[in-house]
Amino acid sequence: MSATAKDDDQIQDARINAYVDGELSAAEAAEVAAELTRNSALANNVATLSRLKAELRATAEPASGLDLADLHVPFRRRRVFAFAAALLLVALVGITARVTLWPVSEQSQSVAIWKLHDHWVEQSSSAAGHGGETIDQDRPAGAAGGRFQTRFPQASHDLYLPDLSAARLMLAHTEFIANGAEAMVLHAGYVGSRGCRISLFVFAEQVSAGTDMGNPTGNAADAPAAPPSADLVAAAMAAAADAAMASEWRIGSLHFVALARGMDPAHFATVADTIRRLTIEQQPPDGDTEMILAQSRASAAPCQA
Amino acid sequence: MQGKRFLAYTDRLFAFAISLTRDHDQARDVLHECAVKAFAAFRVPRDEAAYRAWLFKILRNAFIDRQRKEGRVTTMADVDEAEAKPADWDIENHLINAISVKQGMELLGPIHREIIGLIDIAGLSYAEAADVLDVPVGTVMSRITRARHALIGHVRGTNVRHLSARKRTSTR
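Residues numbered from 1 in each chain as written. Chains lettered and ligands numbered in written order. Predicted model: local features only at pLDDT ≥ 70, side-chain atom pairs only at ≥ 80, totals over all residues. Heavy atoms only, no water.

Student: How should the state of the cysteines be read in this particular structure?
Tutor: By definition, a disulfide is the covalent link that joins the sulfur atoms of two cysteine residues. All names here are of chain A. Evaluated as defined, the whole model comprises one disulfide over all chains. Note on cysteine connectivity: Cys196 is disulfide-linked to Cys303, with sulfurs 1.8 Å apart. Every disulfide takes its handedness from the sign of the S-S torsion; for Cys196 and Cys303 that torsion is 90°, giving right-handed. Of this pair, Cys196 sits in the loop between strand S4 (183-192) and strand S5 (197-204) while Cys303 is found in the segment after helix H9 (287-299), placing the two residues 107 residues apart along the sequence. Here Cys196 and Cys303 have matching classes, each one buried. (Disulfide = S-S within 2.5 Å. Helix = DSSP H or I, 4+ residues; strand = E, 2+ residues; numbered from the N terminus. Buried < 20%, exposed > 50% of the residue type's maximum accessible area, 1.4 Å probe, protein only.)

Student: Sorry, what's going on with the confidence of the model for chain A here?
Tutor: Predicted coordinates in regions of low pLDDT should not be interpreted in detail. Residue and element names in this part refer to chain A. Taken over all residues, the pLDDT of chain A has a mean of 67, while the share at 70 or more is 56%. Contacts of residues 72-81 to residues separated by more than four positions or lying in other chains number eight contacts, the stretch itself having pLDDT below 50. The low-confidence segment residues 207-231, where pLDDT is below 50, has 43 contacts with residues more than four positions distant or belonging to other chains. (pLDDT = per-residue confidence, 0-100. Contact = heavy atoms within 4.5 Å.)

Student: Please explain the nonpolar core as it appears in this structure.
Tutor: Soluble globular proteins tend to bury their nonpolar side chains together. Residue and element names in this part refer to chain B. Counting residues in each nonpolar core, the largest one holds 66 residues, and the members touching the most others are Phe6, Leu13, Leu59 and Ile116. A total of 10 residues in this core trace back to one element, the largest contributor, which is helix H4 (residues 48-69). If sequence neighbours within four positions are ignored, Leu59 has contacts with Leu13, Phe16, Ala17, Leu20, Val30, Leu31 and Cys34. (Core = buried A, V, L, I, M, F, W, Y, C linked by side-chain atoms within 4.5 Å.)

Student: Sorry, what's going on with the side chain of Thr279 of chain A here?
Tutor: Residue and element names in this part refer to chain A. Looking at the element boundaries, Thr279 is found in helix H8 (residues 265-281). Exposure remark for Thr279: the relative accessible area of 2% places this residue in the buried category. Only 2.7 Å separates the side chain of Thr279 from the backbone oxygen of Arg276, close enough to count as a polar contact. With near-sequence residues (within four places) excluded, Thr279 lies in contact with Tyr160, Pro162, Trp249, Ile251 and Phe256. (Polar contact = N/O pair within 3.5 Å; in protein donor to acceptor, adjacent residues only side chain to side chain.)

This is the structure we're talking about:
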């Protein structure tokens, strides 16, 4: 057999294999089909390949008996390691972080951060209702690629705003709000696909939001289980309506507050804890964290804000 | 959630793992390693086709790593074990059955088992297989053709051996 004839045979071979595999374009497949009616040897080859393919497919055994629970053991172990590593980090760099979460009984008064939150929610809902862009254009310049870096005036380094897209919470709004002559407050807003809105506020330690941020009139003493140092959150929670929830923590000189209304409490707790961890680690979420966020969202009811 | 996504592919991954290892226990171990690596991944492809190819690639790498650790030399490079004779598909259809095909697979080299495992057993497209193997689609096309040739040759051979074995038994 000449080299050319051999090459032709190989091309024809590859062509009928691709035909059996459904890999030819419609025109090529029609061409082969027409050829099959004229060429019985070729038709036999196709029949052989089809039978071979079917028998091979039939040899596939299901993965039954596989202990899928085992698959999660390393996952849990990794979480323990991650938690231990986070604790070590806290011990080493002197970060103090504390999360508090508590539902609030009804209060009539408003405070600055709830006003900011509610104002943003109203605006973002209105924009979405009018077909507007749900992601604001004021996203920080470094937001591309899932790493949401922004420069916080009072901090010596860029601040990472957590990527919560695994929970379908998209960073849609970032705004620096003047708080006195020099201080700034960062407001980051996350928009969920089922009506959830979470605000993350970042203050410098010296900021006394109660005096500089619109003089909240709420009484911290009225807030149930108010943490001793969480003046801002205590005031905010005291003034919040039902189904409001907040979480606060500190990292060095920065004070973080996450809050939302009408969210599934367990889901909020998970999201707030994730925000806290990611702001401590200053890293995007890893695969485990994304899974936790996604699972939490899947098991939570839509928001009722 | 990645757990559910992963579970949707366990059967196909397991089938591919058996094609590679030819052993149930090893296939199970390789699948387990694949799951652990997938769950621990920092970034997971969102697109389903990319996710599928990504999982098969992880499983394949897990298999190669195991082979290396066990001191077995496994070259999954672009080298085909057998030079196939073109257009040699001539075999009676009844000879192609579950047993002969399974036995034929046992006799194939790793490159051929791998491509058949991906295309025929796990049901990947040529493009997906090319992605998993990191080769052009044209290579997948020629490789699957050669692999099937080789398999047909083994199926033919196993049937011949069976007949001669039976003959020997009956003449004793």
